[in-house]
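Report on the structure
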Amino acid sequence: MRRSTTSPFRLAASIALLVLTGGCFNSNDPENPDPQPEPYPFADTVEQLMTNFKNAYEEMDIDEYDNVLHEDFLFEFADGSSVAPPSGFYTRADDLESTTNMFAGEQGEDDGMLRPGVRDIDFAELTLLDDWEEVDVGDAHFAGAMRALFDVRVVFYLDTEDLNTLTVDSQQVFYVKSVTEEVEGGGTREHFYLIGHHDFGN
């Protein structure tokens with residue numbers, strides 16, 4: 001799913017509009033504003049985590065994408081990928097650098113050729129294909145996590161005058177991990193993070 005240094009979404013504009021207008025108010029009760037839904041609710045379930053991941057990608061929101069990733073996150077390239085590093089993995093830092101460049105619309109390189117930057121992303125499908133299962137304790141990278149297989153389809157609209165797209169259509173495994181975090185005022189809660197992502201290629 002990644003394309004070299006720029007691997008091929010608009011929350012900021014919506015937030016700016018809300019700030020400018022003071023929010024949207026209920027016409028039946030102008031003194032009480034309608035509660036605005038959180039764009040990225042707290043990820044206390046795997047379902048909410050995956051929804052936040054999908055929305056952050058589609059909105060090209062690098063801050064929320066950063067929030068989704070576990071500190072030990074690894075992206076595993078498909079076997080034989082021409083853009084994979086020698087290790088076959090991107091670390092969290094590698095992935096964030098690549099994704100930041102992509103969300104910023106910077107040009108990328110694929111098979112030695114420059115490609116236009118990404119203007120927009122349509123995350124068309126993220127379908128769970130089986131139940132979440134625990135990862136074997138002997139796994140070298142994701143022991144203690146859970147994993148599941150998804151059908152993924154993402155369309156990248158390139159920044160060109162004519163319609164020009166790249167489509168990722170593949171099965172991918174996502175690994176998630178729950179972290180117990182303290183809550184202000186006392187107590188704890190479970191927070192799910194994406195700790196691994198394995199792309200099997202188109």
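Residues numbered from 1 in each chain as written. Predicted model: local features only at pLDDT ≥ 70, side-chain atom pairs only at ≥ 80, totals over all residues. Heavy atoms only, no water.

So, on to the overall build of the protein chain. Each helix and strand in the protein chain was counted, giving four helices and nine strands. In sequence order, the secondary structure elements of the protein chain are arranged as α-α-α-β-β-α-β-β-β-β-β-β-β. A total of 202 residues make up the protein chain; the buried ones form 38% of that total. Total accessible area computed for the protein chain in this model is approximately 11,300 Å², and 47% of it derives from carbon and sulfur atoms. (Helix = DSSP H or I, 4+ residues; strand = E, 2+ residues; numbered from the N terminus. Buried < 20%, exposed > 50% of the residue type's maximum accessible area, 1.4 Å probe, protein only. Areas by Shrake-Rupley, 256 points an atom, 1.4 Å probe, with all protein chains shown as cover.)

In this section: helix 4 (residues 92-103). Given 3.6 residues per helical turn, the α-helix brings residues three or four places apart onto the same face. Spanning 12 residues, helix 4 covers 16 Å between terminal C-alpha atoms, matching the ideal 16 Å at 1.5 Å per step. Buried within helix 4 we find Asp95, Leu96, Ser98, Thr99, Asn101, Met102 and Phe103. In the core, the buried residues of helix 4 are packed alongside helix 2 (46-58), helix 3 (62-68), strand 1 (69-76), strand 2 (89-91), strand 5 (118-128) and strand 7 (146-158). The positive-phi residue at the C-terminal boundary of helix 4 is Gly105, with phi of around 80°. (Expected span 1.5 Å × (residues − 1). Contact = heavy atoms within 4.5 Å.)

A full pass over the atoms with the stated rule returns 13 aromatic pairs. Look at Phe53 and Phe174: their rings are 5.4 Å apart centre to centre, the planes differ by 65°, and that puts the pair in the edge-to-face class. With Phe53 in helix 2 and Phe174 in strand 8 (residues 165-182), this pair connects stretches of sequence that are 121 residues apart. Between Phe142 and Tyr175, the ring centres sit 4.1 Å apart and the planes meet at 25°, which makes this aromatic pair stacked. (Phe/Tyr/Trp six-rings, centres within 6.5 Å; stacked < 30°, edge-to-face > 60°.)

This part takes up unusual backbone geometry. One non-glycine residue with positive phi stands out, namely Met60, at about 55°. For Met60, the location among the structural elements is in the loop between helix 2 and helix 3. Take Met60: its relative accessible area is 12%, and that puts it in the buried class.

A word on the pairing of strand 1. Bridge count for strand 1 against strand 9 (residues 188-199) is four bridges, and the pairing is parallel. Among the inter-strand pairings, Phe75 is bridged to a residue of strand 9, identified as His197. (Pairing = 2+ DSSP bridges.)

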